[in-house]
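Chains, contacts and geometry: an overview
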Amino acid sequence: KVTFKITDCKTDDRTRAFAEKVFSSDTKDEDIREEISLFGVAEDCPILNQELAHHVATDDDIERRKKHIIRTQDGFASLMEDKPTYLEVPHFQRVSITGDYAAGVTMDDFELACKGLYRALTIREKYMRLAFQRYPSTTSHFLRKIEGEVWKPEHQVQPVFTPPPAAGEDPLDAKSLPPNLGYVARMRDGVIYVYKDSAAADKHEPLPLPTPDLTTFIDDMNFLIALIAQGPTKTYTHRRLKFLRSKFNVHEMLNEMEELKELKNNPHRDFYNCRKVDTHIHAAACMNQKHLLRFIKKSYRVDADRVVYSAKGKEMTLKEVFASLKMHPYDLTVDSLDVHAGRQTFQRFDKFNAKYNPVGASELRDLYLKTENHISGEYFATIIKEVASDLEDARYQYAEPRLSIYGCNPNEWTKLSGWFIKHRVYSPNLMWMIQVPRIYDIFRGRNFVPHFGKMLENIFLPVFQATIDPHSNPELSLFLKHVTGFDSVDDESKHSGHMFSTKSPKPEKWDIVKNPSYTYYIYYMYANIAILNQLRKERGMNTFQFRPHCGEAGAVTHLLACFMTADNISHGLNLKKSPVLQYLYFLTQIPIAMSPLSNNSLFLEYNKNPLLEFHQKGLMVSLSTDDPMQFHYTKVRSDWAGHL
């Protein structure tokens, strides 16, 4: 029996140097990048195919291949004895592939690829367990089998979610909050640690909560960077992905009519009344443009003489606000509102962000699409509650809107949770995500924060304190019960040029007016979420998932960082550039919320979107709306959002 158990997972200097070279190549300008990417494999290249065939014919070890075929046949025989459930389904035709599993590559290349993929799978499993995030039991089961161990269901870790309130129960009732633990939370080297008391904090003697190790993380990252650029592994994973897609096409050809028959015989369930969840939608754009226009006109009819805005110390009524903009709401149309993204925003993230300003006026954005303004975000809360009401009327549609925490000051959490509780922005069809924009460079340039560590502290310390003593901030504690995770957002196409390594400055030392790299952001967000989840799990509270925007543009290494840290991601377009990462995302079934309509206006034309290709290969993809205000014309949001 051959096992690939790794006893020494340290990455050697040669691999580390190669990883740095790969990273440097990947962050080059698009115009000077090589024709064939380091991470990709040419789809149809006769020269490469001929060289591969010659390599397999002349350099292979025939005896080792014979032994491998015998082991493969023995494994298939034991598999047939177990009789998986899918083999007992009589209605579908199935194609069985037997024989040499490693056909097409030499045994040396096959074993090299498998050892690398095995270690990559164990790396993700380690970081998912640490943060109480999901890891598929099937993959975990096979890893234990390779290691000669027995997999047990209790070894699985899962996120903890807040259950829905019982009938008649107030979901915003603070009476059930747990007591104060008396712990102390402090930041050190960009990570918040929890201490028994102030004396222990002064000595840096934290509670024994498992924490990620920076040196180990960098070592694992360097290994993965080298792996995704490794020739034999790219070839092997490319062939496997082509096989998976062909397998889907054969299944579709053989069983399409049988599936349609089964679909028609399924009572009460069709496309419109199966449950759909929009897992990627931004709260500030969760309404369509007609909805926003209608609300603006309605608010003017009702509140024209109400003081709603303050500019340079002067209070203004709604009528005065529109008069200062030299317009009247009656004259507005969806065209003049100008919030819809089009071809003019393609590859222009700056122009896309400007679309959040109705008629190009930041005053209207502050008034209608912000939680913090002169009227305490009342209009924004009302719009979201109208969207939630539409979802409740539809019965089968749910959403997870994203609200922003910037990290400028620690009071942001108090203000956001106060807005949530004051306006009772609760719906059984909504849960909430917190998005953190990667705009430290802007805050540092304006002296809002002295260093990157302060931004991290403002984001995470209030949440730790509300977890330790919920009664110190009951509104925040209640709001956190309805939050499912954290997101990291911004334009991924902006390169920092910095490679995250053990030599990188700690967050408290990062005081320059320059943004850290994407991976730097991802690691420190993940590290704090992992420790926070350990604490909240002990307290019986809900935990948070890490679900960043990733792979929409920029370097392929973004997807590598999220493979290590994220429960799931949004977009994932750049997976098509790396067969190794694509195959790893398939093996670990990482959910990918894709938004073809959004991509069509920003980074990738609709007909080139890899959504269907990913689905055919078996990746776990879902459809999401992203920003209905920018991309939709009707009020239908989640009719097409949800898992395929």
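Within each chain, residue numbers correspond to sequence positions counted from 1 in written order. Local features are withheld for residues below a pLDDT of 70 in this predicted model, meaning they are given only at 70 or higher, and side-chain atom pairs are given and counted only at 80 or more; totals for whole chains, interfaces and linings count all residues. Side-chain metrics in this entry use all non-hydrogen atoms of the structure; hydrogen atoms and water are not considered.

Going by what an unreviewed UniProt entry lists, the protein is known as AMP deaminase and is assigned to Pygocentrus nattereri. UniProt positions are given in the numbering used here, feature names are shortened, and annotations may be inferred rather than shown by experiment. The protein has a UniProt comment under Pathway (unreviewed entry) that states "Purine metabolism; IMP biosynthesis via salvage pathway; IMP from AMP: step 1/1." The UniProt entry for the protein carries this comment under Sequence similarities (unreviewed entry): "Belongs to the metallo-dependent hydrolases superfamily. Adenosine and AMP deaminases family."

The way it works is that DSSP assigns letters per residue, a run of H or I at least four long becomes a helix, a run of E at least two long becomes a strand, and they are numbered from the N terminus. Across its full length, the protein carries 24 helices and 14 strands. Throughout, exposure labels follow a simple rule: accessible area from a 1.4 Å probe, protein chains only, divided by the maximum for the residue type, with under 20% read as buried, over 50% as exposed, and the rest as partly exposed. The burial tally for the protein puts 51% of its 644 residues in the buried class. The criterion used for residue contact is that any of the two residues' heavy atoms lie within 4.5 Å. In the protein, of all internal contacts separated by at least 6 residues, the share reaching a separation of at least 24 is 74%. For accessible areas, the Shrake-Rupley method is used with a probe of radius 1.4 Å. Any residue's cover is judged against the shown protein chains and nothing else. Here the protein displays about 30,600 Å² of accessible surface, and carbon together with sulfur accounts for 53% of that area.

Next up on the list: the packing of helix α4 (residues 107-130) against helix α8 (residues 231-264). Interaxial angles span 0 to 180 degrees and are taken between N-to-C directions of axes, which are lines fitted to C-alpha atoms, for helices over the stretch in contact. Contact geometry for α4 and α8: axes closest at 8 Å, N-to-C directions at 85 degrees. By the angle between their axes, α4 is roughly perpendicular relative to α8. Contacts between α4 and α8 pair Asp-109, Phe-110, Leu-112, Ala-113 and Leu-117 from the former with Pro-232, Thr-233, Tyr-236 and Thr-237 from the latter. Every angle not falling under 35 degrees, over 145, or within 65 to 115 is termed oblique; those three ranges are roughly parallel, roughly antiparallel and roughly perpendicular.

Note that strand β1 (residues 184-188) and strand β2 (residues 191-195) share five bridges and pair antiparallel. Counterpart to Arg-186 in the pairing with β2 is Tyr-193. Here β1 folds back onto β2 in antiparallel fashion, the turn holding two residues, of which Asp-189 has a positive phi close to 55 degrees. Being paired, for any two strands, means DSSP has found at least two bridges between them.

Bringing the nonpolar core into the picture now. Most often, soluble globular proteins have nonpolar side chains that are buried together. Take the buried residues of types Ala, Val, Leu, Ile, Met, Phe, Trp, Tyr and Cys, join any two whose side-chain atoms come within 4.5 Å, and each joined set is a nonpolar core. Counting residues in each nonpolar core, the largest one holds 160 residues, and the members touching the most others are Tyr-368 and Tyr-585. Those residues in contact with Tyr-585 that lie beyond four places of it in its chain are Leu-559, Cys-562, Phe-563, Ile-569, Leu-575, Ile-590, Ile-592 and Leu-619.

The next subject is the side chain of Asp-626. Tracing the chain through its elements places Asp-626 in the loop between β13 (621-623) and α24 (628-631). The sign given to each residue is positive for Lys and Arg and negative for Asp and Glu; His and the chain ends receive no count. Salt-bridge detection follows one rule: a side-chain nitrogen of Lys or Arg within 4 Å of a carboxyl oxygen of Asp or Glu. Nearest to the buried, unbridged Asp-626 among oppositely charged side chains is Arg-402, at 7.3 Å. Polar contacts here mean pairs of N or O atoms no more than 3.5 Å apart (in protein, one a potential hydrogen donor and the other a potential acceptor; neighbouring residues in sequence count only if both atoms are side-chain atoms). Among the polar contacts listed, one links the side chain of Asp-626 to the side chain of Ser-598, at a separation of 2.7 Å. Setting aside anything within four residues of it in sequence, one finds Asp-626 in contact with His-280, Ile-281, His-282, His-571, Ser-595, Ser-598 and Phe-631.

Before going further, it helps to spend a moment on the pattern of salt bridges. In total, this model carries 18 salt bridges according to the counting rule given. For Asp-220, the salt bridge is made with Arg-119, and the minimal N-O distance between the two is 3.7 Å. Linking Asp-220 in helix α7 (residues 214-228) with Arg-119 in helix α4, this pair joins segments that are 101 residues apart in sequence. Under the relative-accessibility criterion, Arg-119 is labelled buried at 5%. In this structure, the salt-bridge partner of Arg-144 is Glu-125, at a minimum N-O distance of 2.8 Å. Of this pair, Arg-144 sits in helix α5 (residues 137-146) while Glu-125 sits in helix α4, placing them 19 residues apart in sequence. Classification of Arg-144 as buried rests on a relative accessible area of 11%.

Tracing the chain through its elements places His-423 in the loop between α15 (412-422) and β7 (432-437). In sequence terms His-423 and Ser-376 are 47 residues apart; their C-alpha atoms lie 9.2 Å from each other. Those residues in contact with His-423 that lie beyond four places of it in its chain are Ser-376, Gly-377, Glu-378, Ala-381 and Lys-385.

For any two aromatic rings, the description comes down to two numbers: the centre-to-centre distance and the angle of the planes. Ring geometry is summarised as follows: Phe, Tyr and Trp rings, the Trp one being its six-membered ring, pair when their centres sit within 6.5 Å, and such pairs are stacked at plane angles under 30 degrees, edge-to-face over 60 and tilted between the two. In this structure the tally under the stated criterion is 29 aromatic pairs. Seen from their ring centres, Tyr-300 and Phe-322 are 5.6 Å apart, and the 90 degrees between their planes marks the pair as edge-to-face. One end of the pair, Tyr-300, is in helix α9 (residues 289-303); the other, Phe-322, is in helix α10 (residues 318-324), and 22 residues separate them in sequence. There is no split in this pair, since Tyr-300 and Phe-322 are both buried. Both rings, one in Tyr-406 and one in Phe-443, keep their centres 6.4 Å apart while their planes meet at 85 degrees; by these two values the pair is edge-to-face. Of the two residues, Tyr-406 is situated in the loop between β6 (397-404) and α15 and Phe-443 in helix α16 (residues 440-445); the sequence distance between them amounts to 37 residues.

Let's shift gears to the state of the cysteines. The disulfide criterion is simple: two cysteine sulfur atoms within 2.5 Å. Inspection of every chain in the model, using the stated rule, returns zero disulfides. Of all cysteine sulfurs in the structure, the one in Cys-562 sits closest to Cys-550, which takes part in no disulfide; the separation is 3.5 Å. Judged by its relative accessible area of 0%, Cys-550 falls in the buried class.

Positive phi, normally seen in glycine, also occurs at His-204, with a value near 50 degrees. Examined against the element boundaries, His-204 turns out to sit in the loop between α6 (198-202) and α7. You will see that His-268, though not glycine, has its phi angle at about 70 degrees, which is positive. Residue placement: His-268 occurs in the loop between α8 and β3 (276-282). Residue class for His-268 comes out exposed when judged on its relative accessible area of 57%.

So, on to the sheet that holds β6. One open sheet accounts for five strands, arranged β3-β6-β7-β8-β9; its pairing is parallel. Only two strands of the sheet have a single neighbouring strand rather than two, namely β3 and β9 (545-546). Bridging between strand β8 (residues 483-489) and β9 involves two bridges; their strand directions are parallel. Along β9, the bridge assignment pairs Phe-486 with Phe-546.

The buried fraction of helix α20 (residues 557-565) amounts to nine of the nine residues, a majority that puts the element mostly inside the structure. Every buried residue of α20 is listed here: Thr-557, His-558, Leu-559, Leu-560, Ala-561, Cys-562, Phe-563, Met-564 and Thr-565.

With that settled, the discussion passes to a nonpolar patch on the surface. Every patch collects residues that have over 30% relative accessible area and no salt bridge, joining them within 9 Å if they carry like charges and within 5 Å if they are nonpolar side chains (Val, Leu, Ile, Met, Phe, Trp, Tyr). Judged by side-chain polarity, Val-95, Ile-97, Val-250 and Met-253 come together as a nonpolar surface patch covering roughly 390 Å² of accessible area. By the element assignment, Met-253 lies in helix α8.

Let us look at a negative patch on the surface. Every charge is mapped to an atom, namely NZ of Lys, CZ of Arg, CG of Asp or CD of Glu. Where like charges cluster on the molecular surface, the negative patch consists of Glu-252, Glu-256, Glu-259 and Glu-262. Residue placement: Glu-262 occurs in helix α8. On the basis of relative accessibility, which here comes to 51%, the residue Glu-262 falls in the exposed class.

A few words on the confidence of the model for the protein. A residue's pLDDT is the predictor's confidence in that residue, given on a scale from 0 to 100. For the protein, the average pLDDT comes to 85, and 83% of its residues sit at 70 or higher. Below pLDDT 50 for its whole length, residues 1-8 participates in 14 contacts with residues either more than four positions away or in separate chains. A low-confidence stretch, residues 29-36 (pLDDT under 50), is modelled with six contacts involving residues beyond four sequence positions or located in other chains.

Once that is clear, we can look at the packing of α4 against α5. Running from amino to carboxyl end, α4 crosses α5 at an angle of 120 degrees, the nearest separation of the two axes being 11 Å. Of the possible angle classes, the one that applies to α4 and α5 is oblique. Seen along the crossing, α4 lies across α5 with a hand that is left-handed. Residue-level contacts link Tyr-118, Leu-121, Thr-122 and Glu-125 of α4 to Thr-139, Ser-140, Leu-143, Arg-144 and Ile-146 of α5. Looking at the contact of α4 with α5, its residues break down into four nonpolar, three polar and two charged. Handedness of a helix crossing follows the sense of rotation of the near helix relative to the far helix, less than a right angle counterclockwise being left-handed and clockwise being right-handed. Under this grouping Gly is polar, as are all residues other than the nonpolar Ala, Val, Leu, Ile, Met, Phe, Trp, Tyr, Cys and Pro and the charged Asp, Glu, Lys and Arg.

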